[in-house]
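Each chain, written out:
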Amino acid sequence: MALLPNDHRVLYQAFLDQATQDASLTPWLAKLPEQLANGLDRQRHGDLSAWEKAVAKLPPLPEQRRVDLNSDTLTVELDLTDSQQRQCFNLLRKLAPWRKGPFSLGGIEIDTEWRSDWKWQRVSPHLAPLKYRKVLDVGGGSGYHAWRMAGAGAAFVLVIDPSPRFYWQFQAVRHFVGNADEGRTQFLPVGIEDVPENLGFFDTVFSMGVLYHRPSPLEHLQQLKGALAPGGELVLETLVVEGDEQTVFVPGERYAAMPNVYFLPSSKALCHWLERCGFTNVRVVDEAVTTLDEQRSTEWMTYQSLADFLDPEDRTRTIEGYPAPRRAVILANKPEASVATA
Ligand SMILES: Nc1ncnc2c1ncn2[C@@H]1O[C@H](C[S@+](CC[C@H]([NH3+])C(=O)[O-])CC(=O)[O-])[C@@H](O)[C@H]1O
């Protein structure tokens, strides 16, 4: 603790306040200071101090506000003067591209690249109720889904995502949300590899949009299982292909222009993997092709998006000639008494 710079100390303390009573977190707490120092290392992340400054410059906001974490557009209503609103708009723009949302913050409408609310609509009806649960959102992006989880009554929601831009987007939204969630939503700028093995702490673990980026998908599933408490629920959302239990597709250097895409199983194959990893009660609750309305360029994400990554002559193919993005949502449980697996 003594070596922590001030801002890391605040982060660490927030985490500690929520979770310190549970001995299963002790191995993580010991490593956390160093992980945070790496995650927010100004030398390594070029734009980090610009993002940090933008968030620090957001003006103090009136206490009186109406926060709705349960609406599709995550909304904070408050009275801002025109000049305050302009100032906030310009500072929030400095954190662009905004990929995951949408948000409405003091009348500023952040129309993000993704309609993340649509994913939430596909996922949320199937979940074990989040009320009072401790939740981990692995690769949670800007934190949009985490706020929705807090809105659904979770006791503690932890986002881990190594992207410092997403970390500062989360802190910007936190500035508007204030204490409306009673501090139940937290973000650590670390990756899944930084979570100590077999924590056995979280009641629900989400991994959405992450598995296909992992070169060792079974190891990822084991890591997620290790983070879950016995009986806990895994929510896995990832790119899939059509096919049977043995179908797995590994693209070349790029898939829909994305680098670092490795394994795209069929949803049946993914269920098989989950069972091999010792999960029970494995079930596919949704499978759908991603539409051009769900992922698109906006004023807040002006770069190319899905429409540019599909074959203009045949929208069922990517520009590389592969099947267009299709995503499945799969739920599974960690057994009450954990079964040893290979
Ligand atoms: N090692 C890692 N550990 C954890 N996260 C990582 C790692 N590497 C990258 N990420 C993060 O994983 C996220 C994947 S996006 C899904 C966002 C959200 N969940 C969504 O479902 O919309 C993909 C998509 O757009 O589908 C990014 O935020 C990365 O920074």
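Owing to the predicted nature of the structure, the values given are computational and were not obtained by experimental measurement.

Engineer: With reference to specific residues and values, describe the site of the ligand.
Structural biologist: In the neighbourhood of the ligand, 20 residues make up the surrounding shell, with Lys100, Lys119, Gly139, Asp161 and Met208 lying closest. With respect to the ligand, the backbone of Met208 contributes an N or O atom lying 2.8 Å from a nitrogen atom. The side chain of Arg327 places a nitrogen or oxygen atom 3.3 Å from an oxygen atom of the ligand. Coverage of the ligand by the protein amounts to 85% of the 640 Å² it exposes when considered alone.

Engineer: Break down the pattern of salt bridges for me, citing the residues and quoting the values.
Structural biologist: Going through the model one piece at a time under the given rule, you end up with 16 salt bridges. As a salt-bridge pair, Arg99 and Glu113 come within 2.8 Å of each other at their nearest N and O atoms. Of this pair, Arg99 sits in the loop between helix 4 (82-93) and strand 3 (100-101) while Glu113 sits in the loop between strand 5 (108-110) and strand 6 (114-115); the two residues are 14 residues apart in sequence, bridging distant segments of the chain. With a relative accessible area of 28%, Arg99 lands in the partly exposed category. Here Arg122 makes a salt bridge to Glu294, at a shortest N to O gap of 2.9 Å. With a gap of 172 residues between them, Arg122 in helix 5 (residues 116-123) and Glu294 in the loop between strand 14 (280-289) and helix 10 (306-309) connect regions that are remote in the sequence. Glu294 shares its class with Arg122; the two are buried. Through salt bridges with shared partners, one network takes in Lys119, Glu237 and Arg327.

Engineer: Please set out helix 7 (residues 164-177) residue by residue, giving values where relevant.
Structural biologist: For helix 7, with 14 residues, the first-to-last C-alpha span of 20 Å sits near the 20 Å given by 1.5 Å per residue. Of the residues making up helix 7, those classed as buried are Pro164, Phe166, Tyr167, Trp168, Gln169, Phe170, Gln171, Ala172, Val173, Arg174, Phe176 and Val177. One or two residues past the end of helix 7 sits Gly178, with phi positive at roughly 65 degrees.

Engineer: Residues and numbers for the nonpolar core, please.
Structural biologist: Judged by nonpolar contacts, the single largest core of 49 residues is most densely connected at Leu92, Phe103 and Phe206. Residue contributions to this core peak at 8 residues, all from helix 7. What Phe206 contacts, discounting residues up to four positions off in sequence, is Trp120, Val123, Leu127, Leu130, Val135, Leu136, Asp137, Val138, Met149 and Val235. Membership of the second largest hydrophobic core comes to 37 residues, among which are Val138, Ile160, Val195 and Leu221.

Engineer: I'd love a proper account of the sheet that holds strand 4 (residues 103-105), names of residues and values included.
Structural biologist: In spatial order, the strands read 1-2-4-5; together these 4 strands make up an open sheet with mixed pairing. Two strands in the sheet have a free side with no partner beyond their single neighbour: strand 1 (66-68) and strand 5. Ignoring which end each strand starts from, the neighbouring axes of this sheet average 10 degrees apart. Strands strand 4 and strand 5 of the sheet are contacted by helix 4, whose axis makes an angle of about 20 degrees with strand 5. Contacting strand 1, strand 2 (74-77) and strand 4, helix 7 crosses the sheet at an angle of about 45 degrees to strand 2.

Engineer: Quick rundown of the sheet that holds strand 10 (residues 202-208)? Include the residues and the values.
Structural biologist: Pairing in this open sheet of 7 strands is mixed, and the strands run 9-8-7-10-11-17-14 from one edge to the other. Each of the sheet's edge strands pairs with one partner strand only, and the pair in question is strand 9 (185-188) and strand 14. Averaged over all pairs of adjacent strands, the angle between strand axes in this sheet comes to 15 degrees, irrespective of strand direction. Sheet topology places strand 11 (residues 228-239) next to strand 17 (residues 326-333); 7 bridges connect them, and they run antiparallel. Looking across to strand 17, one finds that Leu234 is bridged to Ala332.

Engineer: Describe the UniProt feature "binding site: carboxy-S-adenosyl-L-methionine" (unreviewed entry) in the chain, naming the residues involved and giving the relevant values.
Structural biologist: Here, the residues flagged by UniProt with the feature "binding site: carboxy-S-adenosyl-L-methionine" (unreviewed entry) are Lys100, Trp114, Lys119, Gly139, Asp161, Pro162, Ser163, Ile192, Glu193, Met208, Tyr212 and Arg327. Maximum C-alpha separation among the annotated residues is 25.8 Å over a sequence range of 228 residues, too wide for a single clustered spot. Here Trp114 lies in strand 6. Its relative accessible area of 7% is what places Trp114 among the buried residues.

Engineer: Account for the packing of helix 5 against helix 6 (residues 144-151), with residues named and values stated.
Structural biologist: Their axes nearest at 10 Å, the elements helix 5 and helix 6 cross at an angle of 45 degrees. When the axis of helix 5 is compared with that of helix 6, the two are oblique. When you trace helix 5 past helix 6, the crossing you get is right-handed. Counting all contacts with helix 5, which are made through Ser116, Asp117, Lys119 and Trp120, the residues of helix 6 involved are Tyr144, His145, Arg148 and Met149. Looking at the contact of helix 5 with helix 6 residue by residue, the class counts come to 3 nonpolar, 2 polar and 3 charged.

Engineer: Now, about unusual backbone geometry: what can you tell me, with residues and values included?
Structural biologist: With an omega of 5 degrees, the peptide bond running from Ala96 to Pro97 counts as cis. Along the chain, Pro97 turns up in the loop between helix 4 and strand 3. Between Gly101 and the following residue, Pro102, the backbone shows a cis peptide bond with an omega angle of 15 degrees. With respect to the helices and strands, Pro102 occurs in the loop between strand 3 and strand 4. With phi around 45 degrees, Ala256 is a residue other than glycine that occupies positive phi space. For Ala256, the position within the fold is in the loop between strand 12 (248-249) and strand 13 (264-265). Residue classification places Ala256 among the buried positions, given a relative accessible area of 4%.

Conventions we followed
Residues numbered from 1 in each chain as written. Predicted model: local features only at pLDDT ≥ 70, side-chain atom pairs only at ≥ 80, totals over all residues. Heavy atoms only, no water. Near = heavy atom within 4 Å. Polar contact = N/O pair within 3.5 Å; in protein donor to acceptor, adjacent residues only side chain to side chain. Areas by Shrake-Rupley, 256 points an atom, 1.4 Å probe, with all protein chains shown as cover. Salt bridge = Lys/Arg side-chain N within 4 Å of Asp/Glu carboxyl O. Helix = DSSP H or I, 4+ residues; strand = E, 2+ residues; numbered from the N terminus. Buried < 20%, exposed > 50% of the residue type's maximum accessible area, 1.4 Å probe, protein only. Expected span 1.5 Å × (residues − 1). Core = buried A, V, L, I, M, F, W, Y, C linked by side-chain atoms within 4.5 Å. Contact = heavy atoms within 4.5 Å. Pairing = 2+ DSSP bridges. Axes fitted to C-alpha atoms, helices over the stretch in contact; angles between N-to-C directions. UniProt positions renumbered as here; feature names shortened; annotations may be inferred. Parallel < 35°, antiparallel > 145°, perpendicular 65-115°, else oblique. Left-handed = near helix turned anticlockwise from the far one by under 90°. Nonpolar A, V, L, I, M, F, W, Y, C, P; charged D, E, K, R; others polar.

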